[in-house]
Amino acid sequence: MTTIAIIGAGSGLGAAVARRFGAEGFSVALLSRNQGRVDALAETLSAEGIEAKGFAADVRDPDSITRALEAATETLGPIEVLQYSPLPQKDFMRPVLETTPSDLVGPVEFSIYGPVAAVHQVLPGMRFLGKDKGTILFVNGGSAVKPGRNVTGTSVAFAGQAAYAQLLNEVLGEEGIQVSQLIIGGRIIDGDPEKDPAVLAGHLWDLHAKRDRFRLQISSD
Ligand SMILES: NC(=O)c1ccc[n+]([C@@H]2O[C@H](COP(=O)([O-])OP(=O)(O)OC[C@H]3O[C@@H](n4cnc5c(N)ncnc54)[C@H](OP(=O)(O)O)[C@@H]3O)[C@@H](O)[C@H]2O)c1
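Residues numbered from 1 in each chain as written. Predicted model: local features only at pLDDT ≥ 70, side-chain atom pairs only at ≥ 80, totals over all residues. Heavy atoms only, no water.

Caption draft 1: Main features of the sheet that holds strand β5 (residues 135–141). In space, the seven strands of this open sheet follow the order β3-β2-β1-β4-β5-β6-β7, with parallel pairing throughout. What marks the edges here is a single partner per strand, and that holds for β3 (52–56) and β7 (215–218). Pairwise comparison of adjacent strand axes, ignoring direction, gives a mean angle of 15 degrees for this sheet. The pairing of strand β4 (residues 79–84) with β5 spans four bridges and is classified as parallel. Residue pairing across strands places Y84 opposite F138, the latter belonging to β5. Its contacts with the sheet put helix α2 (residues 35–47) on β2 (27–32) and β3, and the angle it makes with β3 is roughly 175 degrees. Set on the sheet, helix α5 (residues 152–173) makes contact with β4, β5, β6 (178–184) and β7; between it and β5 the angle comes to about 155 degrees. (Pairing = 2+ DSSP bridges. Helix = DSSP H or I, 4+ residues; strand = E, 2+ residues; numbered from the N terminus. Axes fitted to C-alpha atoms, helices over the stretch in contact; angles between N-to-C directions. Contact = heavy atoms within 4.5 Å.)

Caption draft 2: Spatial organisation of the side chain of E80. Assignment of secondary structure puts E80 in strand β4. The side chain of E80 sits in the buried core without any salt bridge; K133 is the nearest counter-charge, 4.8 Å away. A polar side-chain atom of E80 sits 2.4 Å from a polar atom in the side chain of T2. Here E80 is in contact with T2, T3, F26, M126, L129, K133, G134, T135 and H208, once residues within four sequence places are set aside. (Buried < 20%, exposed > 50% of the residue type's maximum accessible area, 1.4 Å probe, protein only. Lys, Arg positive; Asp, Glu negative; His and termini not counted. Salt bridge = Lys/Arg side-chain N within 4 Å of Asp/Glu carboxyl O. Polar contact = N/O pair within 3.5 Å; in protein donor to acceptor, adjacent residues only side chain to side chain.)

Caption draft 3: Spotlight on unusual backbone geometry. Even without a glycine there, the phi angle at D132 is positive, about 60 degrees. Relative to the helices and strands, D132 is located in the loop between α4 (101–129) and β5. Despite not being glycine, R211 has its phi angle at roughly 55 degrees, a positive value. Of note, R211 is situated in the loop between α6 (197–210) and β7.

Caption draft 4: Quick look at the packing of aromatic side chains. All chains considered together, the criterion is met by four aromatic pairs. Pairing F21 with F26 gives two aromatic rings, centres 5.4 Å apart and planes at 80 degrees, and the pair type is edge-to-face. Pair check on accessibility: F21 and F26 agree, each one buried. Ring plane angle 80 degrees and centroid distance 6.1 Å describe the contact between F26 and W205, whose orientation is recorded as edge-to-face. Residue F26 is located in the loop between α1 (13–23) and β2, and its partner W205 is located in helix α6; the two are separated by 179 residues in the primary sequence. Comparing F26 with W205 shows no difference in burial state: the two are buried. (Phe/Tyr/Trp six-rings, centres within 6.5 Å; stacked < 30°, edge-to-face > 60°.)

Caption draft 5: How the structure looks around the packing of helix α3 (residues 62–76) against α4. At a closest axis distance of 9 Å, the pairing of α3 and α4 adopts a crossing angle of 30 degrees. Classified by the angle between their axes, α3 and α4 sit roughly parallel to one another. Note on packing geometry: the crossing formed by α3 with α4 is right-handed. Judged by residue contacts, P62, I65, T66, L69 and E70 of α3 engage G114, A117, A118, Q121 and V122 from α4. Residue composition of the contact of α3 with α4, by class: six nonpolar, three polar and one charged. (Parallel < 35°, antiparallel > 145°, perpendicular 65-115°, else oblique. Left-handed = near helix turned anticlockwise from the far one by under 90°. Nonpolar A, V, L, I, M, F, W, Y, C, P; charged D, E, K, R; others polar.)

Structure (structure tokens):
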């Protein structure tokens, strides 16, 4: 059995993706800052028959991501799918003219250094699994493609993450590792036919299984 590692695994999209991939036979490594919360989610998933474990990591501390992904591989088996989807902090989202260099440190650590650390940690294992297996999934809000004047930190840093993801898509595609990005415009909405977490998790499954596109954008608001 192989593993999906979900970096930023909470009760919304993270849990829905864990259930979707779990239903397909994946073990699930749940990563977030709060060990108690990921342990509780892992317990809920285990009760549903999904092998899941929680690991504490702060994406703004690259060493903690490396350690948590190492521990996840040791405990659950090789990571076939990496999903990078932590929910950005509210204080990253400031109006453009009120944004100073120090306001951009957090967003850049969160959306650029974090993914680079995570990708470097999982790549050797994905290569070992062989061609057309490994997948790296990025999840972003709409400001990744259309910057918003009142959400400057995420707009600037998501643009950097989107560029990194696209470069990975080009280069890793040549060795059969799929890299895709799901853009969710507006809010995730429980029960919405387009933006319910389970519907979005289905799209992430398709990006992994079909391996036919880089970017999927849901709703343009
Ligand atoms: N929610 C929305 O309306 C919305 C809209 C558009 C796009 N998105 C995208 O959807 C994804 C999130 O989905 P969701 O909102 O349903 O969230 P979720 O899966 O319910 O939870 C995300 C988790 O990210 C973790 N997180 C936050 N900061 C972190 C950090 N520094 N290091 C490690 N983990 C961290 C939080 O756990 P801890 O507090 O324990 O760290 C949180 O539980 C993100 O990619 C986001 O860009 C969300």
